[in-house]
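Next come the chains, spelled out residue by residue.
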Amino acid sequence: MENNSTSDIVILSGNSHPELADLIANRLGVRKGGCSVYHKTNRETMVEIADSIRGKNLYIVQTGTKDVNNNIMELLIMAYACKTSSARSIVGVIPYLPYSKQCKMRKRGCIVTKLLAKMMCKSGLTHIITMDLHQKEIQGFFDCPVDNLRASPFLLQYIQESIPDYRNSVIVARNPGSAKKATSYAERLRLAIAVIHGEQKEAESDEVDGRYSPPCMSSGNISVDKSRTMDVSVGVPVHPAKEKPPINVVGDVGGRIAIMVDDMIDDVQSFVAAAEVLKECGAYKIYVLATHGLLSSDAPRLIEDSPIDEVVVTNTVPHELQKMQCNKIKTIDISVLLSEAIRRIHNKESMSYLFKNVTLED
């Protein structure tokens, strides 16, 4: 039975995560709209909407998976099909925003997230609902409203209810860059933090980008007061090479439970290396908590063979196959948060309740 308040909501789903779309539709008490998304023999994406959507409020559920480029094209074509069918509003429900790591200039590449944001808005999307963006500033790339929901309340609840003796835990930042998130978790749980520092996989902040190109030197004559000018050798000073110390843990983890927190877990090698160091430092249990469980490549095997006791992720990205290959992977269902966000947007209610007691550091 559909509620009057949700009677003109239409949930459409691409091929990326139909199970999540079903969960959201069931929680809202609405029927999923008839929409067929398939690929022709030449790999072109085809979208056919079965029902009339004129004047309706459309919510397209499509997340980022390993088949990322098809996910994006499906979303764009579905949005454009809805736009040209005179839908009242078209909201993209994108729990994991693809290409969100490419949000900074690297060498002479480009900021791909900005391009993606422009494409989404041009295709007809009037609003975006997403979760735990890699950098919260990504919201500024979009020319439409963006609601960046947080999964931290679900992960905090998991720690309190499912980790025995969690009071004897320490929140661990896998690298100094994630120390802010670790601090936020530690303050809420009233726990200590530890930071892993040293030689690991090259961090994003250490990658060479275009800003390291030497500037052009002008040949004009400029008079400068020599007494206030430091005299250097001819040319631009060379940047000293960074040299990281061996990997080590800043903080006490001996005889305690180590809980690593991050926004996503994709290539698990750095998590495994961190877990091995934590084990050597005396941590007797190691957990990894993240919002987006991409778990690419041979991640399940690496986790299974590692000192990590449990990897906890939400269902923003489908990972059923990985769970079959590794018993250490656990899932938290966040469909209730997405469905509540849809209901509030549809009824023009405040979204601030969903962000209550959640700070920007999450």
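Here the structure is a predicted model, which is why all the values come from computation and not from measurement.

Further remarks concern the overall build of the protein. For the protein, the helix and strand inventory stands at 9 helices and 14 strands. Counting across all 362 residues of the protein, residues that qualify as buried make up 48%. Restricting to contacts in the protein with at least 6 residues of sequence separation, those with at least 24 account for 68%.

Where helix H1 (residues 18–28) meets helix H9 (residues 335–346), the closest approach of the two axes is 9 Å, and the angle between their N-to-C directions is 55°. If you check the angle between H1 and H9, you find them oblique. Read as a crossing pair, H1 and H9 show a hand that is right-handed. Of H9, the residues touching H1 (which contributes Leu20, Leu23, Ile24, Arg27 and Leu28) are Ser335, Val336, Leu338, Ser339, Ile342 and Arg343. Of the residues assigned to the contact of H1 with H9, the class counts are 7 nonpolar, 2 polar and 2 charged.

Between two packed helices, what matters for the description is the angle formed by their axes and the separation of those axes. Closest axis-to-axis distance for the helix H2 (residues 68–83)/helix H3 (residues 112–123) pair is 8 Å, and the angle between their directions is 25°. The orientation of H2 relative to H3 falls into the category roughly parallel. Between H2 and H3, the contacting residues are Ile72, Leu75, Leu76, Ala79, Tyr80 and Lys83 on the first element and Leu116, Met119, Met120, Lys122 and Ser123 on the second. For the contact of H2 with H3, the per-class residue count stands at 8 nonpolar, 1 polar and 2 charged.

Turning our eyes to something else, we now look at the sheet that holds strand E9 (residues 192–197). Read across the open sheet, the 7 strands follow the order E10-E9-E8-E11-E12-E13-E14; overall the sheet is mixed. Two strands close off the open sheet at either side, each with one partner strand: strand E10 (248–250) and strand E14 (329–332). Within this sheet the neighbouring strands show an average axis-to-axis angle of 30°, counted without direction. Pairing between strand E8 (residues 169–173) and strand E11 (residues 257–265): 4 bridges, direction parallel. By the bridge assignment for E11, valine 170 is matched with alanine 258. In this fold helix H5 (residues 179–189) packs onto E8, E9 and E11, with an angle of close to 160° to the strand it touches most, E8. Each of E8, E9, E10, E11 and strand E12 (285–293) is contacted by helix H6 (residues 269–280), which is oriented at about 170° to E11, the strand it contacts most.

Since the α-helix packs 3.6 residues into each turn, any two residues three or four apart lie on the same face. The terminal C-alpha atoms of H9 lie 16 Å apart, and with 12 residues this matches the ideal 16 Å at 1.5 Å per residue to within 8%. Buried residues dominate H9, accounting for 9 of its 12 residues. By the burial criterion, the buried members of H9 are Ser335, Leu337, Leu338, Ser339, Ala341, Ile342, Arg344, Ile345 and His346. Just downstream of H9, lysine 348 is the residue with a positive phi angle, here 55°.

Now for the pairing of strand E1 (residues 9–13). As a general feature of sheets, a regular strand has side chains that alternate between the two faces. Within E1, 5 of the 5 residues are buried, which leaves the element mostly enclosed by the surrounding structure. Residues Ile9, Ile11 and Ser13 line one face of E1 and the alternating positions Val10 and Leu12 line the opposite face, and both faces are buried.

Turning our eyes to something else, we now look at the pairing of strand E7 (residues 146–149). Burial of E7 is two-sided: the residues Val146 and Asn148 facing one way and the residues Asp147 and Leu149 facing the other way are all buried. As judged from the 4 bridges shared by strand E6 (residues 127–131) and E7, these two strands associate in the parallel manner. Considered in E7, the bridge of isoleucine 129 is made with aspartate 147.

Adjacent strands of a sheet form backbone hydrogen bonds with each other and so pair up, either parallel or antiparallel. Pairing in this open sheet of 5 strands is parallel, and the strands run E1-E4-E5-E6-E7 from one edge to the other. Single-partner strands in this sheet number two, and they are E1 and E7. Sheet twist, expressed as the average angle between the axes of neighbouring strands with direction ignored, equals 20°. As defined by bridge partners, strand E4 (residues 57–61) adjoins strand E5 (residues 89–94) across 5 bridges and the pair is classed as parallel. Residue pairing for E5: asparagine 57 is matched across the bridge by serine 89. Sheet contacts for H9: E1, E4, E5, E6 and E7; angle to E6, the most-contacted strand, approximately 155°.

How each quantity is defined
Residues numbered from 1 in each chain as written. Predicted model: local features only at pLDDT ≥ 70, side-chain atom pairs only at ≥ 80, totals over all residues. Heavy atoms only, no water. Helix = DSSP H or I, 4+ residues; strand = E, 2+ residues; numbered from the N terminus. Buried < 20%, exposed > 50% of the residue type's maximum accessible area, 1.4 Å probe, protein only. Contact = heavy atoms within 4.5 Å. Axes fitted to C-alpha atoms, helices over the stretch in contact; angles between N-to-C directions. Parallel < 35°, antiparallel > 145°, perpendicular 65-115°, else oblique. Left-handed = near helix turned anticlockwise from the far one by under 90°. Nonpolar A, V, L, I, M, F, W, Y, C, P; charged D, E, K, R; others polar. Pairing = 2+ DSSP bridges. Expected span 1.5 Å × (residues − 1).

Function cannot be inferred from these measures alone, as they are strictly geometric.
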